[in-house]
Amino acid sequence: MADNTRTVDFTRMDEATAAEMELIRDEAAIHRRDHWLETIVRLLESMKGYTFGYRVDRYEHSLQSATRAHREGARVDLVIAALLHDIGDDLCPDNHSEVAAAILRPVLDEEAVWVVKHHGVFQTYHYGEKLGIPTDSRDRYRDSPFFDTCAHFCAAWDQESFDPGYDTEPLEFFMPMLEEVFSRPPRSWGDQDLVWSRETSADPQSA
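The rules we used
- Residues numbered from 1 in each chain as written.
- Predicted model: local features only at pLDDT ≥ 70, side-chain atom pairs only at ≥ 80, totals over all residues.
- Heavy atoms only, no water.
- Helix = DSSP H or I, 4+ residues; strand = E, 2+ residues; numbered from the N terminus.
- Buried < 20%, exposed > 50% of the residue type's maximum accessible area, 1.4 Å probe, protein only.
- Salt bridge = Lys/Arg side-chain N within 4 Å of Asp/Glu carboxyl O.
- Axes fitted to C-alpha atoms, helices over the stretch in contact; angles between N-to-C directions.
- Parallel < 35°, antiparallel > 145°, perpendicular 65-115°, else oblique.
- Left-handed = near helix turned anticlockwise from the far one by under 90°.
- Contact = heavy atoms within 4.5 Å.
- Nonpolar A, V, L, I, M, F, W, Y, C, P; charged D, E, K, R; others polar.
- Phe/Tyr/Trp six-rings, centres within 6.5 Å; stacked < 30°, edge-to-face > 60°.
- Lys NZ or Arg CZ within 6 Å of the ring centre and 35° of its normal.

Draft legend 1. Representation of unusual backbone geometry within the structure. The phi torsion at Phe 52 lies on the positive side, around 60°, for a residue other than glycine. Mapped onto the secondary structure, Phe 52 falls in the loop between α1 (18-45) and α2 (58-71). You can call Phe 52 partly exposed: its relative accessible area is 47%.

Draft legend 2. Representation of the pattern of salt bridges. For the coordinates displayed, the defined rule picks out 15 salt bridges. Residue Glu 27 is joined to Arg 6 by a salt bridge in which the shortest nitrogen-to-oxygen separation is 2.7 Å. In this pair, Glu 27 sits in helix α1 while Arg 6 sits in the segment before α1, placing the two residues 21 residues apart along the sequence. Exposure remark for Arg 6: the relative accessible area of 33% places this residue in the partly exposed category. Taking the shortest distance from any N to any O, the salt bridge between Asp 86 and Arg 58 comes out at 2.8 Å. Note that Asp 86 is positioned in the loop between α3 (76-84) and α4 (96-104) and Arg 58 in helix α2, a separation of 28 residues in sequence. A residue is classified by how much of its surface remains accessible, and Asp 86, at 2% relative accessible area, is buried. Residue Arg 58 is classed as buried on the basis of its relative accessible area of 9%. Three or more residues joined by partner-sharing salt bridges are found here, namely Arg 12, Asp 14 and Glu 15.

Draft legend 3. Highlighting the packing of α1 against helix α7 (residues 171-182). In contact at an axis separation of 11 Å, α1 and α7 are set at 140° when each is read in the N-to-C sense. On the basis of their axis angle, the class for α1 and α7 is oblique. Seen from above, α1 lies across α7 with right-handed handedness. Contact residues: Arg 32, Trp 36, Leu 37, Ile 40, Val 41, Leu 44 and Glu 45 in α1; Leu 171, Met 175, Leu 178, Glu 179 and Phe 182 in α7. A breakdown of the residues in the contact of α1 with α7 according to their chemical character gives 9 nonpolar, no polar and 3 charged.

Draft legend 4. Main features of the packing of aromatic side chains. This model, assessed by the stated rule, comprises 10 aromatic pairs. Centre to centre, the rings of Tyr 54 and Phe 162 are 4.5 Å apart; their planes meet at 25°, and the pair counts as stacked. Here Phe 162 lies in the loop between α6 (147-158) and α7 and Tyr 54 lies in the loop between α1 and α2, a separation of 108 residues in the sequence. Residue class for Tyr 54 comes out partly exposed when judged on its relative accessible area of 39%. Pairwise contacts between aromatic rings join Trp 114, Phe 122, Tyr 141, Phe 146 and Phe 147 into one cluster. For Arg 68, the ring lying beneath its charged end belongs to Tyr 166, and the centroid distance is 4.0 Å. Above the ring of Tyr 125, the side-chain terminus of Arg 138 is found at 3.7 Å from the ring centroid.

Now the structure itself:
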C-alpha cells in the first residue's frame, strides 16, 4: 500500500533531489499496482444504465463482446480489448477509440492496442450506409498487419453484441484475465515514452 506519510520537500520538480524523485516513482508504482485495475473496473461499470437507444447498455455490450471473443478462443489480450474497447465513451465520446487505446497501451500487446484504437473506423463498415457516411474508411489501413484482426473484431464481436437475449458472461468471469493483464509491468513502446519503465516499476515492494 502506498505510504501517504512519505512526502518530498520540493514544490518545483526542478528542485527535487534524486532520492525525492525515486520516492515519487516508487509510490506511483505501488499505487498503480494496488489501484489501477480498481479504477478500470469502475470505469467499465460506469457504462451501466444509459443505452444510447440500443437494446443493451454499454456495459452489457462490453461484456457481450468479450464473451463472444472468449468463446471463439481469442487470446487474452484480445478478450480484454473486447471487454474494454469502449471505456473511452464517457470520457470522450467523439474520440473514444483512441482514448481507450491510450489507457490500455501500457498493458496490452501491439495488435490489441491497434485494434482498440481503430475499431471505431472499422465499425462504420457495418452501419455507415444507413447514415450516408463512407463504409470504406477502413481501407486506408489495408497495409497494416492488424487489418484482418480488427475487421474480424468488429464483424464477429463488436457489431454483433447488442443482443439482450445473448447469454453473456458476468464481469466476475473476466476478473482473472483482467488481473493477469493489469499486473503486467508497463510495456516499453520505443520512442513513445511511458513515464515509468518496465525496470523501475516491476517490483514496487522493494522500494
